[in-house]
Amino acid sequence: MGSKITPRSENYSQWYLDIVQNAGLAENSAVRGCMVIKPYGFAIWERMRDELDRMFKETGHSNAYFPIFIPKSFFSKEASHVEGFAKECAVVTHYRLKNAPDGSGVVVDEDAKLEEELIVRPTSETIIWDTYRTWIQSYRDLPLLINQWANVVRWEMRTRLFLRTAEFLWQEGHTAHATEKEAVEEAERMLGVYSTFAEDWMAMPVLKGLKSANERFAGAVETYCIEAMMQDGKALQAGTSHFLGQNFAKAFDVKFLSKENQLEHVWATSWGVSTRLMGALIMTHSDDKGLVLPPTLAPIQVVLVPIFKNEEMKPKILEYLRGIEAELKEKKIVVKVDDSENYSPGYKFAEYEMKGVPVRVAIGARDVENNTVEVARRDMLTKESVGREGIAERVFALLVDIQRNLYQKALELRKNLTSTVDTWEEFVDVIENKGGFVYAHWDGTTETEEKIKEKTKATIRLIPLDEGEPGKCVLTGRPSVKRVVFAKAY
RNA sequence: CGGGGUAUAGCGUAGCCCGGCUAGCGCGCCUGCUUUGGGAGCAGGAGGUCGCAGGUUCGAAUCCUGCUACCCCGACCA
């Protein structure tokens, strides 16, 4: 491989990009602000997608698919949604090209102008609620629990691979309920699904909470979110779940007849996570040698590397290795045998470390003779020679331990990057010098929130769900009901 | 869209101030032999409209003008 990873101390942003690119995950497309996800990167996304999809289905949801093009007028129907999404959208204005008169290629055929422009979906609330109107008539049609896996486009001014690209992949759940209570429960349930996924599968601890009015999704009554802490002390919003109230039902006239024969607007939620989770995964666990993947999401959990000294030993080493492969597969461990002779063992070691494969098993002539194997773990970068007997059990236990260790390390990091402050001086000091999450009192006004953002670039990442102790706002000294979590964010 | 920067082989770059280039180097790539327990060694080789367009000059990667793309910092955001 070409360039090596830049040490983190030099430039975190470059370090992140080096990992994304050198580990073969993704690259910038020639098309502005879009990304190309390479096969290995996509395999990781597929693992995430498959597990999330399973969890959605286990909570009663079904998948469906809606159009990528949304008539412009749909966006005018929900007032605050317009505010949030009327900008930065890709707009289809024409439907045909023609040969340029001067022979220089093709140009847009001005005669093929659309009567109504189509918006390339930045999110699908509007087109889905326009459709739901026809699907929902009775309380018997509710709840309607639908998820869509799709790509969306937001014409961001500045992009960053995985974290903020013009086009990204995501899932968006859109549900309709008969009562407010049910809808709130749904929004909270899906926040729970996201947090379980982040912690148990991504080994990434997250804080759960509510967004302030300022950070709330355009059109939502409440936005729930999970927030993770990256190694450089910046927060990353990893998922959101919105209680939409009756806003979209009213805007798109979605009503149902209740048991009591009353015509009522339905209650709604929407929730989503995106390929941004790939960025979160990378920035949570990776080190200077490249990607580090939690075993539950790694496309390859164990790589077997044979080491050949001479021709006579080759068949013996391979036979020994195939035996181990079979035992691991019996335990449902995902194994890759790299017996190609194009690269040296040292090259392969470095390569699979870069790709974040959790466990490496190396086998050479020495091992065949002594009935041993060399087992290396990616998270600690340690290796040891162990007996051949019970290798599958040992590797399985190791994978479990790596999963646990990654979570613990990330949790430890977050603990060290979490502060509680009471004065403005402390607040500024921690935000500027230490970074991380800062628990501080806030008077609850958008005005104060914006002032703090202006002065320190820190925003309210979330308002914790649990009760808290009252206190005084860190900026204004006015009363505060509980501490909220501030941080600089991606 | 504001402020700063960059553009030379697949990637990373030297040369630019002070014009003389037939454009140098590292990684990668190809061939051969020897290798293989931490990114192998040696030998040979392929690969360039120096971002685009114009200008100055005997001569431009180098100087001038315009354009384009990308990166960083803001505003925007999952």
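Residues numbered from 1 in each chain as written. Chains lettered and ligands numbered in written order. Predicted model: local features only at pLDDT ≥ 70, side-chain atom pairs only at ≥ 80, totals over all residues. Heavy atoms only, no water.

## Focus on the sheet that holds strand β16 (residues 267–274)
Rule in force here: Any two strands with at least two DSSP bridges between them are considered paired. Secondary structure elements are taken from DSSP: a helix is a run of H or I of four residues or more, a strand is a run of E of two residues or more, and numbering for both begins at the N terminus. Residue contacts follow a heavy-atom distance rule, with two residues in contact if any of their heavy atoms lie within 4.5 Å. Think of each axis as a best-fit line through the C-alpha atoms, taken over the contacting stretch in the case of a helix, with angles from 0 to 180 degrees between the N-to-C directions.
Read from one edge of the open sheet, eleven strands run β3-β9-β10-β16-β13-β12-β11-β24-β27-β23-β22, paired in mixed fashion. Here the strands that pair on one side only, and so sit at the sheet edges, are β3 (62–63) and β22 (418–420). Of the strand pairs in this sheet, strand β11 (residues 207–210) and strand β12 (residues 222–229) are connected by four bridges, and their pairing is antiparallel. By the bridge assignment, Leu 207 is partnered in β12 with Glu 227. With respect to the sheet, helix α11 (residues 391–416) is in contact with β11, β12, β22 and β23 (437–441), its orientation differing from that of β22 by roughly 30°.

## Points about the pattern of salt bridges
The test is simple: A pairing counts as a salt bridge when a side-chain nitrogen of Lys or Arg comes within 4 Å of a carboxyl oxygen of Asp or Glu. Burial classification: accessible surface area is computed with a 1.4 Å probe over protein chains only, and a residue below 20% of its type maximum counts as buried, one above 50% as exposed, and the rest as partly exposed.
Scanning all chains against the criterion turns up 34 salt bridges. For Glu 325, the salt bridge identified is with Arg 322, shortest N-O distance 2.9 Å. Pair noted here: Glu 325 and Arg 322 are both in helix α8 (residues 313–330), with a separation of three residues, about one helical turn. Classification of Glu 325 as buried rests on a relative accessible area of 11%. Among the salt bridges present, the one from Arg 394 reaches Glu 384, with a minimum N-O distance of 3.9 Å. Taken as a pair, Arg 394 in helix α11 and Glu 384 in strand β21 (residues 382–387) lie far apart in primary sequence, ten residues in all. Take Arg 394: its relative accessible area is 39%, and that puts it in the partly exposed class. Overlapping salt bridges, with partners in common, bring together Arg 47, Glu 51, Arg 54 and Glu 58 in one network.

## Re the protein's contact with RNA strand B
We count it as follows: A cutoff of 4 Å decides nearness: a residue is near a molecule or strand if any of its heavy atoms lies inside that distance of it. Within 3.5 Å is the distance limit for a polar contact, defined as a pair of N or O atoms, with the added protein rule that one can donate a hydrogen and the other accept it, and that residues adjacent in sequence qualify only through two side-chain atoms.
Met 157, Arg 158, Arg 164, Arg 276 and Ser 344 are the nearest of the 40 residues found near RNA strand B. Among atoms of RNA strand B positioned within 4 Å of the protein, sugar and phosphate together represent 38%. Within the backbone of Phe 308, one N or O atom sits 3.2 Å away from a sugar or linking oxygen of RNA strand B. A distance of 2.6 Å separates a base nitrogen of RNA strand B from a polar atom in the side chain of Asp 367. If you list the elements that add at least two residues to the surface near RNA strand B, you get α9 (345–354), β19 (359–364) and α10 (365–370). With eight residues, the top contributor of residues to the surface near RNA strand B is α9.

## Description of empty space enclosed by the protein
For clarity, the threshold we go by: Both site types are read off a 1 Å grid over the protein atoms alone. A 1.4 Å probe that fits but cannot get out defines a cavity, while an open set with protein on both sides within 12 Å along at least five of seven lines defines a pocket; lining residues have an atom within 4 Å of a point. Grid points are joined across faces, edges and corners, and a volume is the space filled by probe spheres set on the points. Think of it as three bins: nonpolar holds Ala, Val, Leu, Ile, Met, Phe, Trp, Tyr, Cys and Pro, charged holds Asp, Glu, Lys and Arg, and polar takes everything else, Gly as well.
Taken as a whole and judged by the stated rule, the model has one cavity of 30 Å³ or more. There is about 30 Å³ of room inside the largest cavity. Around the largest cavity sit Asn 214, Glu 215, Glu 449, Glu 450, Lys 453, Ala 458, Thr 459 and Ile 460, which together line it. Those elements giving two or more residues to the lining of the largest cavity turn out to be α13 (446–456) and β24 (459–464). Counting residues per element, the lining of the largest cavity draws most heavily on α13, at three residues. Class assignment for the residues of the lining of the largest cavity results in two nonpolar, two polar and four charged.

## With respect to the confidence of the model for chain A
This is how the line gets drawn: What pLDDT conveys is the predictor's confidence in a given residue, as a value from 0 to 100.
Averaged over all residues, the pLDDT of chain A is 92; the fraction at 70 or higher stands at 96%. Overall fold confidence for the complex sits at a pTM of 0.94, while the interface term, ipTM, reaches 0.85.

## Thoughts on the packing of aromatic side chains
Heads up, the rule is: Between rings of Phe, Tyr and Trp, where Trp is taken as its six-membered ring, a pair exists when centres lie within 6.5 Å; planes separated by under 30 degrees are stacked, by over 60 edge-to-face, and by other angles tilted. In this scheme, Lys NZ or Arg CZ marks a charge over a ring once it lies within 6 Å of the ring centre and within 35 degrees of the ring normal.
Inspection of the entire model under this criterion finds 15 aromatic pairs. Look at Phe 56 and Tyr 194: their rings are 6.4 Å apart centre to centre, the planes differ by 75°, and that puts the pair in the edge-to-face class. Here Phe 56, found in helix α2 (residues 39–58), pairs with Tyr 194, found in helix α5 (residues 180–201); they are 138 residues apart in sequence, far enough to count as distant. Looking at Phe 56, the relative accessible area reads 1%, which means it is buried. A relative accessible area of 1% means that Tyr 194 is categorised as buried. Here the aromatic rings of Phe 56 and Trp 271 are separated by 5.2 Å at their centres, their planes lie at 55°, and the arrangement is tilted. With Phe 56 in helix α2 and Trp 271 in strand β16, this pair connects stretches of sequence that are 215 residues apart. Both residues of the pair, Phe 56 and Trp 271, count as buried. Taken together, the ring pairs connect Trp 45, Phe 56, Trp 149, Tyr 194 and Trp 271 into an aromatic cluster. Sitting over the face of the ring of Tyr 320, Arg 388 holds its NZ or CZ atom 5.7 Å from the ring centroid.

## Comments concerning the sheet that holds β19
Judged by pairing direction, the sheet is mixed, and its five strands sit side by side in the order β18-β17-β19-β20-β21 without closing on themselves. Pairing within the sheet leaves two strands with one partner each, and these edge strands are β18 (335–337) and β21. Neighbouring strand axes in the sheet, compared pairwise and without regard to direction, differ in orientation by 25° on average. Alignment of strand β17 (residues 302–307) against β19, held across six bridges, turns out to be parallel. Residue Val 303 lies in a different strand from β19, and its bridge partner there is Arg 360. Strands in contact with α8 are β17, β18, β19 and β20 (372–377); relative to β17, the strand with the most contacts, it is inclined by about 170°. The sheet contacts of α9 involve β17, β18 and β19, and relative to β17 the element is tilted by about 170°.

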